[in-house]
Amino acid sequence: MTAAESIRLSLNMITSLDGAISYHNRGSNLSCDVDRDRMHRLRRDADLVIVGSRTATSGRYWRDDFLRRHNAAGLPRIGVVSTSRWIAGEDVPHTLITTTTNVDANAELVIKAGGAIVDWPTALARMQELGYRNVLLEGGPTTLSGVASAVPINDLHLTIAPYLIGGKAERVICTHREDLSRYRLLNHQQVDDYIFLDFTRKSSCPTPS
Ligand SMILES: NC(=O)c1ccc[n+]([C@@H]2O[C@H](COP(=O)([O-])OP(=O)(O)OC[C@H]3O[C@@H](n4cnc5c(N)ncnc54)[C@H](OP(=O)(O)O)[C@@H]3O)[C@@H](O)[C@H]2O)c1
């Protein structure tokens, strides 16, 4: 069994009605209290929460009281993906997921995989050695695009926010995918005008001709 098969990879993201993942460069601008509660529930079930360095610096990550309390309790760690030395604010213990060539890597725990950019199958193998079984991906699109082109994502937790954004905001995953991954809807819930969806991966479908 490969690391990608033994680790359950989940993704949690919010989009507008027209698929935008941010408003004024912040995904959190689309969110609501119920969505934040759901995010915290999903985090509680994870061994590691992975975010790209741009999300970690653009969002509320290190100002999030819940996260600090949760980190102080030990789990889950936040894994920041970056090619450079990443300095967390406010002394939040974190994991740095980086390349083998990053000599400046400095964090409580450093996972090194890949030369120019992080190689996800190798990084997941390291996480498997560390005993991780549930890894939650929280974006952004650059990070998710890299993960999704290397390994299958098992579960998708998507929130649809009741906004039309327009413009050129990114989607959850930006890179072109040859295979059509099919997902099965497990749960759907409406709270106010927000829709909360849980999908699990069904199979890979043949590319349409
Ligand atoms: N709607 C939502 O649910 C949601 C969720 C999360 C984020 N967002 C939004 O998404 C935006 C940020 O997303 P983004 O796509 O611009 O950035 P991102 O994915 O958060 O971060 C990109 C950075 O992560 C590092 N990285 C990613 N993949 C890597 C790899 N394979 N190897 C090495 N480093 C890697 C690089 O950091 P270095 O440059 O440091 O090397 C890269 O510049 C923000 O506007 C945020 O609010 C929305």
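Located above this text is the structure these notes cover.
Here the structure is a predicted model, which means the values were calculated and not measured. The residue numbering used here restarts from 1 in each chain and proceeds along that chain's sequence as written. Totals for whole chains, interfaces and linings use every residue, but because this is a predicted model, local features are given only for residues with pLDDT of at least 70 and side-chain atom pairs only at 80 or more, for both listing and counting.

A. Layout of helix α5 (residues 120-129). Buried means a residue has 20 or more other C-beta atoms within 10 Å of its own C-beta, exposed means 12 or fewer, and partly exposed covers the counts in between; C-beta atoms are placed from the backbone. Helix numbering and strand numbering both begin at the N terminus, where a helix is a DSSP run of H or I of at least 4 residues and a strand a DSSP run of E of at least 2. Trp-120, Ala-123, Leu-124 and Met-127 are the residues of α5 that are buried. On an axial view of α5, the arc spanned by its buried residues comes to 100 degrees, and they lie on one face. Where α5 ends, the next residue or the one after it, Gly-131, has phi of about 90 degrees, a positive value. The arc in question is traced by the directions running from the helix axis to the C-beta atoms.

B. How the structure looks around the site of the ligand. In the vicinity of the ligand, 28 residues are found, and the nearest of them are Gly-27, Gly-52, Thr-55, Gly-139 and Gly-140. For the shell around the ligand, the secondary-structure elements that each account for two or more residues are β1 (8-15), β2 (48-52), α3 (53-58) and α6 (141-150). Put simply, Ala, Val, Leu, Ile, Met, Phe, Trp, Tyr, Cys and Pro go in the nonpolar bin, Asp, Glu, Lys and Arg in the charged bin, and everything else, Gly too, in the polar bin. Looking at the shell around the ligand, its residues break down into 9 nonpolar, 16 polar and 3 charged. As used in this record, a residue near a molecule or strand is one whose C-beta atom, placed from the backbone, is within 6 Å of it.

C. Representation of the nonpolar core. Counting 40 residues, the largest nonpolar core has Ile-50, Ile-97, Met-127, Val-135 and Leu-137 as its most contacted members. Put simply, the parts of the chain that give this core at least two residues each are β1, α2 (33-44), β2, β3 (77-81), β4 (94-98), α5, β6 (134-137) and α6. A pair of residues counts as a contact when their C-beta atoms, built from backbone coordinates, are within 7 Å of each other. Not counting the four nearest positions on each side in its chain, Val-135 is found in contact with Ile-7, Leu-9, Ala-46, Asp-47, Leu-48, Ile-50 and Met-127. Residues enter a nonpolar core if they are buried, belong to Ala, Val, Leu, Ile, Met, Phe, Trp, Tyr or Cys, and are joined to the set through C-beta atoms within 7 Å.

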